[in-house]
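Okay, here's what each chain looks like letter by letter:
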Amino acid sequence: MEQQIFIVIGVILVVLWLVLYIFPISLWITAVFSGVTVNLMDMVFMRFRKVPPKLIVNSLILAVKAGLQDINSQLLETHYLAKGNLLNVIKALIVADKANLSLSFKQATAIDLAGRDVLEAVQISVTPYMIVVPSITGVSGDGIQLLAEARVTVRTNLNQLVGGAGEETIKARVGQGIISRMGEATNYRIILEKPEEISMHVLNGGLDAGTAYEILSIDIADINIGKNIGAKLQIDQAAADLEIANAKAEERRAMAVALEQEMIADIQKAKALVIEAEAEIPAALSDAYREGRLYN
């Protein structure tokens, strides 16, 4: 008899647990007292759609308590089923709302699904972020090598975060602008005396176009003098010119030697012709003597 009572109690407990699992009444009560309107049957169907009701309800409570508008359980379910980070999106929306930033739920979910950390993006938009540009090497108009280090202060451009270029593009564009300005300077002293001109030149170039950031400032942290590239190039050019001159001189010497040898050969040929002609004189005299023309 006692064994049957225990079995009945066990069955009742299992059924009760199953009912409470399928019908999350406690979670529904929490939502009601938090001012969130969620249908109990919707919460039941969430389990069949493999959506955790607790995550949806807690996210909805967080949004309502923060004063966010136009967010409902269907939108949250859709983003969860799309493999999005639901809590990250809600927190990002709360930070943006408190900072008076324009960020809609649709924008936040798009940024999140694009693989970017939407909460970090909003935080960078509120608190500017510094990008350290590695040492940049340029050459001024007088051939002096200059090495500059830059710091770029940016904040996130939420409207261009999806599809916008990232941090590496900012570094590359700033480096390009600094090298360009160095090359325009006729004398390296101009760069050393007024490094702020580099910042103004680069900043006015619209380098943040098409990127996920808005550039607030560009600061030249340090400038060092490198090698005298102009002098080195002149030395190399002089050495090359010397080699070319030596080669041409050697060519002329070789041509002169060849011409000398050719003239010597012509002299030897002329001597041979003379000797040949001299050899014919006795024969001619002999023929003349025989023919009696010697005394004519």
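A brief look at the structure comes next. (Residues numbered from 1 in each chain as written. Predicted model: local features only at pLDDT ≥ 70, side-chain atom pairs only at ≥ 80, totals over all residues. Heavy atoms only, no water.)

Most often, soluble globular proteins keep nonpolar side chains buried together rather than apart. By size, the foremost hydrophobic cluster in this structure holds 56 residues, and its most contacted members are Ile71, Leu76, Leu93, Leu103, Val152, Val174 and Ile178. Of all the elements, helix H6 (residues 86-98) adds the most residues to this core, at seven residues. Those residues within four positions of Ile178 in sequence are excluded, and the remaining contacts are Ile136, Ala148, Ala150, Ile198, Val202 and Ile220. (Core = buried A, V, L, I, M, F, W, Y, C linked by side-chain atoms within 4.5 Å. Buried < 20%, exposed > 50% of the residue type's maximum accessible area, 1.4 Å probe, protein only. Helix = DSSP H or I, 4+ residues; strand = E, 2+ residues; numbered from the N terminus. Contact = heavy atoms within 4.5 Å.)

With that settled, consider unusual backbone geometry. The phi angle at Lys83 is positive, at roughly 70°, despite the residue not being glycine. Mapping Lys83 onto the fold places it in the loop between helix H5 (73-81) and H6. Look at Asn100: it is not a glycine, yet its phi comes out positive at around 60°. Topologically, Asn100 is positioned in the loop between H6 and helix H7 (105-113). Taking relative accessible area as the criterion, Asn100 reaches 71% and is therefore assigned exposed.

What follows is about a nonpolar patch on the surface. Taken together, the side chains of Met41, Phe45 and Phe48 define a hydrophobic patch exposed on the protein surface, amounting to about 330 Å² of accessible area. Relative to the assigned elements, Phe45 resides in helix H3 (residues 40-48). (Patch = residues over 30% accessible without salt bridge, like charges linked within 9 Å, V, L, I, M, F, W, Y side chains within 5 Å. Areas by Shrake-Rupley, 256 points an atom, 1.4 Å probe, with all protein chains shown as cover. Salt bridge = Lys/Arg side-chain N within 4 Å of Asp/Glu carboxyl O.)

Our next topic: the layout of surface pockets. By volume, the largest pocket is sized at about 150 Å³. Every residue lining the largest pocket is listed: Leu101, Ser102, Ser125, Arg155, Thr156, Asn157, Leu158, Asn159 and Glu214. Broken down by class, the residue content of the lining of the largest pocket amounts to two nonpolar, five polar and two charged. (1 Å grid on protein atoms, 1.4 Å probe; cavity = no way out; pocket = protein on both sides within 12 Å on 5 of 7 lines; lining within 4 Å. Points joined across faces, edges and corners; volume = space filled by probe spheres on them. Nonpolar A, V, L, I, M, F, W, Y, C, P; charged D, E, K, R; others polar.)

A separate point is the environment of Leu86. Note on placement: Leu86 falls in helix H6. Overall, Leu86 belongs to the buried group, its relative accessible area being 3%. Along the primary structure Leu86 and Leu55 are separated by 31 residues, whereas in three dimensions their C-alpha atoms are 8.2 Å apart. Excluding residues within four positions of it along the chain, Leu86 makes contact with Leu55, Ile56, Ser59, Leu76 and His79.

All right, on to the sheet that holds strand E3 (residues 213-228) then. Read from one edge to the other, the open sheet built from three strands follows the order E1-E2-E3, with strand pairing classed as antiparallel. Sheet topology places strand E1 (129-139) and E3 at the edges, where each strand pairs with a single neighbour. On average, adjacent strands in this sheet sit at an angle of 15° to one another, irrespective of strand direction. Pairing geometry for strand E2 (residues 144-156) and E3, over twelve bridges, is antiparallel. Bridging across to E3, Glu149 finds its partner in Asp222. In the packing of helix H9 (residues 167-184) onto the sheet, the strands contacted are E1, E2 and E3, and the crossing angle to E1 comes to about 35°. (Pairing = 2+ DSSP bridges. Axes fitted to C-alpha atoms, helices over the stretch in contact; angles between N-to-C directions.)

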